[in-house]
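What follows is each chain in one-letter form.
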Amino acid sequence: MLPREELLKGVENREVAARAIDLADQAVKTWEVVSTDFLSPPELAEIQRMFGRLTEVHLSAWGGYPQAERQRMAIARSDLPLDSSQVAVAAIEIAGNFLFDPATHRDFLGAMLGTGIVREKTGDIIVLGERGAQAIVVPEMVDFLSTQLTQVRSVPVKTQGIELSELKVKEPKKKELTTVEASLRLDAIASAGFGMSRSKMADLIDGGDVRVNWKEITQASYQVKTGDLIAIRGKGRLEVGEVAVTKKDRYRVGLTRFM
């Protein structure tokens, strides 16, 4: 048995983490590869951190395409081979004419959940404008959604399974920039990267809207480092690149903003 209570110490998403521990126990006992449902980025990062302390199991995450936000996690004994091909995901296309009644990500997700499935069974949704959308789901939901998902907003749709290779994924827009700061404080680096005032950024941090490597950080003085990913709800993400010290003992920081 894995040290359940020790692993759950300080964990935000306790229910999700507890289910993952149960699956890991199953993987150790049965020598099988087991998979979680789809996890959000914060849940995924927390489970990876949690299991990072263990030598009994290892993990592999996959969401259908390389930049997928929501992913399933496969868990296996550390002495078994494991890669993303063992994470079962499938894709569907939701096709309709949305020219006169445009639908958003929220509309497609709402229609899918309206069939009775739960959020954990769905991964990312790729909106294709007036032609509809594509979505990643657990494989066992493909046939169900093909018969049950027939309308989004006022638009009749045809839902069918497609190959993952048919996904129309756009590369995320990104902007490279450099800032020179007196410190590597989170509020300083994030305000420069997101183009907002330091006081506004401090308010967002204080309000729990800012995550570093998907972990909620509420201290403006938190020190960031190369490789950190800063995410703000509704504002996108910022990756901290190379950090160099200038002659005046300030920090020159390369940043990549994803929008």
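What you are looking at is a predicted structure, and each value in this text was computed from that prediction instead of being measured. (Residues numbered from 1 in each chain as written. Predicted model: local features only at pLDDT ≥ 70, side-chain atom pairs only at ≥ 80, totals over all residues. Heavy atoms only, no water.)

Participant: Sorry if this is basic, but what is going on with the overall build of the protein here?
Facilitator: Across its full length, the protein holds seven helices and 15 strands. When its C-alpha atoms are laid out on the principal axes, the protein stretches across 65 × 55 × 30 Å. In the protein, which comprises 259 residues, the share counted as buried stands at 46%. Put simply, of all contacts in the protein between residues at least 6 apart along the chain, 59% involve residues at least 24 apart. (Helix = DSSP H or I, 4+ residues; strand = E, 2+ residues; numbered from the N terminus. Buried < 20%, exposed > 50% of the residue type's maximum accessible area, 1.4 Å probe, protein only. Contact = heavy atoms within 4.5 Å.)

Participant: I keep staring at the side chain of Thr122 and nothing clicks. Help me out?
Facilitator: Locating Thr122 in the fold gives a position in strand 5 (residues 122-127). With relative accessibility at 0%, the residue Thr122 sits in the buried group. A polar side-chain atom of Thr122 sits 2.6 Å from a polar atom in the side chain of Arg119. Sequence-distant contacts of Thr122, defined by excluding residues within four places in its chain, comprise Phe38, Arg70, Leu109, Met112, Ile117, Ile136 and Val137. (Polar contact = N/O pair within 3.5 Å; in protein donor to acceptor, adjacent residues only side chain to side chain.)

Participant: What is the right way to read the UniProt feature "domain: RNA-binding S4" (unreviewed entry) in the protein from this model?
Facilitator: Within this structure's numbering, the places UniProt gives as "domain: RNA-binding S4" (unreviewed entry) are residues 184-246. When the span residues 184-246 is considered, its composition is 29% helix and 30% strand, and the gap between its end C-alpha atoms is 13 Å. (UniProt positions renumbered as here; feature names shortened; annotations may be inferred.)

Participant: I tried to follow unusual backbone geometry on my own but got confused; where do I start?
Facilitator: The phi angle of most residues is negative, glycine excepted, and most peptide bonds adopt the trans form. Phi angles above zero are rare outside glycine, and Trp31 is one such case at about 60 degrees. Within the element layout of this structure, Trp31 appears in the loop between helix 2 (14-30) and strand 1 (34-39). On the basis of relative accessible area, Trp31 is assigned to the partly exposed category, the value being 48%. If you check the backbone angles, Trp214 has positive phi at about 70 degrees while not being a glycine. Along the polypeptide, Trp214 turns up in the loop between strand 11 (210-212) and strand 12 (215-216).

Participant: How should I be thinking about the pattern of salt bridges in this particular structure?
Facilitator: Side chains bearing opposite charge may pair, as long as their charged atoms lie close to each other. If you walk through the whole model with that rule in mind, you get eleven salt bridges. Between Glu5 and Arg14 there is a salt bridge; the shortest N-O distance is 3.9 Å. Residue Arg237 pairs with Glu69 through a salt bridge whose shortest N-O separation is 2.4 Å. Taken together, the residues span a long stretch of sequence, with Arg237 in strand 14 (residues 236-245) and Glu69 in the loop between strand 2 (57-62) and strand 3 (71-77) at a distance of 168 residues. Relative accessible area serves as the criterion here: at 22%, Arg237 is assigned to the partly exposed category. By relative accessible area, Glu69 is classed as partly exposed at 39%. (Salt bridge = Lys/Arg side-chain N within 4 Å of Asp/Glu carboxyl O.)

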